[in-house]
Amino acid sequence: MVVFEKPKALTDAPLHYCPGCTHGIIHRLVAEAIDELGVEGKTVGVAPVGCAVMAYDYFACDMVEAAHGRAPAVATGLKRAMPENIIFTYQGDGDLASIGMAETVHAATRNENITIIFVNNAIYGMTGGQMAPTSLPGQVTQTSPYGRDTAVQGFPIKVSEMLSALDGPEYIERVAVNNVKNVKNAKKAILKAFKNQVEGKGFSLIEVVSSCPTNWGMTPSKALEWVEEKMIPYYPLGVYKDKSAEKKED
Amino acid sequence: MAKVSFKTDICKGCGLCVDACPKKIIALAKDKLNAKGHSPAIITDQDKCIGCAFCATMCPDCVITVEK
């Protein structure tokens, strides 16, 4: 009996990501959710600009490439034109939390019935390791060589906390993929985010705290330790908003 | 009996499976390179595998298939 194999919603194309990059794990979790809900034939994904820019090669469903940061706006259009289809976006922190912040906040406050997978690795990966809106205070990057100084460069944006303050969104959760337990929790969260859309509940965003071994200048296992020691204390994991659960409690 | 198999040609040798294995029976092949130039992960003692699939859960490249 096969206990574990590659999900069908992923193509056979080898991933271009660096060794030990957790994008591959998150791709797989999204594909597993699509497989489990049996919606591959009617799913349309929206690829971002960033390391995951070639995600359209990896998912077996239809994919659209959005302009930088505009994935939630493209997804809004797709969902409104084709309400029967399942629409998800897959975005990094430079895409979603920087240039695409307006699109993200407005899609959330409109409670668009879409699913957003937000990969937060605290750095711009594809362009070579510049400071991102989510880089930690003191974090050394190409554009903050002495560490991010909050007096000059401000504080990191906590996307899950910020969006959960809005009345619109249905479901916001932050997960991580640094160990087996967290990957299993991340899988549950991503599955729920897709299920919410199938059930017509509205906007679901899963923030996945992940790593960037290449631009952090660490080995893949050291990078996952750094996620545990530095990232998770600053970006606490958990459910930030779940309107259906709140309604049940009332 | 549990069995793991590795598609060594797409392995990038990141070693996340090595860290995840509770039985410590996965290693990076020191004397082998795949077509991409990485030292791929291999299993050193198949009989000790318990089929937990922790290695496959942490593998970013879907290299590992686990059977039980």
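Residues numbered from 1 in each chain as written. Chains lettered and ligands numbered in written order. Predicted model: local features only at pLDDT ≥ 70, side-chain atom pairs only at ≥ 80, totals over all residues.

Caption draft 1: Spatial organisation of the interface of chain A and chain B. Every contact between the two is made by 22 residues of chain A and, on the other side, 23 residues of chain B. Those elements giving two or more residues to the side of chain A that touches chain B turn out to be β1 (2-4), α1 (23-37), α7 (180-198) and α9 (220-234) of chain A. Among the elements that make up the side of chain A that touches chain B, the one with the highest residue count is α1(A) (4 residues). Taken together, the residues that form the side of chain A that touches chain B break down as 14 nonpolar, 5 polar and 3 charged. Where β1(A) meets strand β4 (residues 64-67) of chain B, 2 bridges bridge the pair, whose relative direction is antiparallel. Its bridge partner lying in β4(B), V2(A) is registered against E67(B). (Contact = placed C-beta atoms within 7 Å. Helix = DSSP H or I, 4+ residues; strand = E, 2+ residues; numbered from the N terminus. Nonpolar A, V, L, I, M, F, W, Y, C, P; charged D, E, K, R; others polar. Pairing = 2+ DSSP bridges.)

Caption draft 2: Structural detail: the environment of P40(B). All names here are of chain B. Following the sequence through the fold, P40 ends up in the loop between β2 (26-28) and β3 (41-43). C-alpha of P40 to C-alpha of I10: the two residues are 30 residues apart in sequence and 8.4 Å apart in space. Residues in contact with P40, not counting those within four places in the same chain, are F6, T8, C11, G13, A29, K32 and N34.

Caption draft 3: Up close: the environment of V4(B). Residues and elements named next belong to chain B. On the secondary structure map, V4 appears in strand β1 (residues 3-6). On a C-alpha basis, the gap between V4 and V18 in space is 13 Å, while along the polypeptide they are 14 residues apart. Apart from residues no more than four positions distant in its own chain, V4 is found in contact with I43, C49, C55, I64 and V66.

Caption draft 4: Representation of the sheet that holds β1(B) in the model. Taken in spatial order, the 3 strands line up as β1(A)-β4(B)-β1(B) in an open sheet, and their pairing is antiparallel. Both outer strands of the open sheet, β1 of chain A together with β1 of chain B, are each paired with one neighbouring strand and no more. Going from strand to strand, the sheet's axes swing by 30° on average, the running direction of each strand aside. As paired elements, β1(B) and β4(B) share 4 bridges and run antiparallel to each other. The residue bridging K3(B) from the neighbouring strand is E67(B), located in β4(B). (Axes fitted to C-alpha atoms, helices over the stretch in contact; angles between N-to-C directions.)

Caption draft 5: Layout of the pairing of strand β5 (residues 115-120) of chain A. Residue and element names in this part refer to chain A. Most of β5 sits out of view: 6 of its 6 residues are buried. Here 5 bridges tie strand β4 (residues 86-92) to β5, and the two strands are oriented parallel to one another. Paired with T89 across the strands is I116, a residue of β5. Both β5 and strand β7 (residues 204-209) contribute to a ladder of 6 bridges, which runs parallel. (Buried ≥ 20, exposed ≤ 12 C-beta atoms within 10 Å, placed from the backbone.)

Caption draft 6: Layout of the sheet that holds strand β3 (residues 62-65) of chain A. Residues and elements named next belong to chain A. The sheet built from 7 strands is open, its strands ordered β3-β2-β4-β5-β7-β6-β8 with mixed pairing. The sheet terminates laterally at β3 and β8 (238-242), the two strands that pair on one side only. In this sheet, adjacent strand axes meet at a mean angle of 20° when their direction is disregarded. Lying over the sheet, helix α2 (residues 71-81) contacts β2 (43-47), β3, β4 and β5, oriented at roughly 175° with respect to β4.

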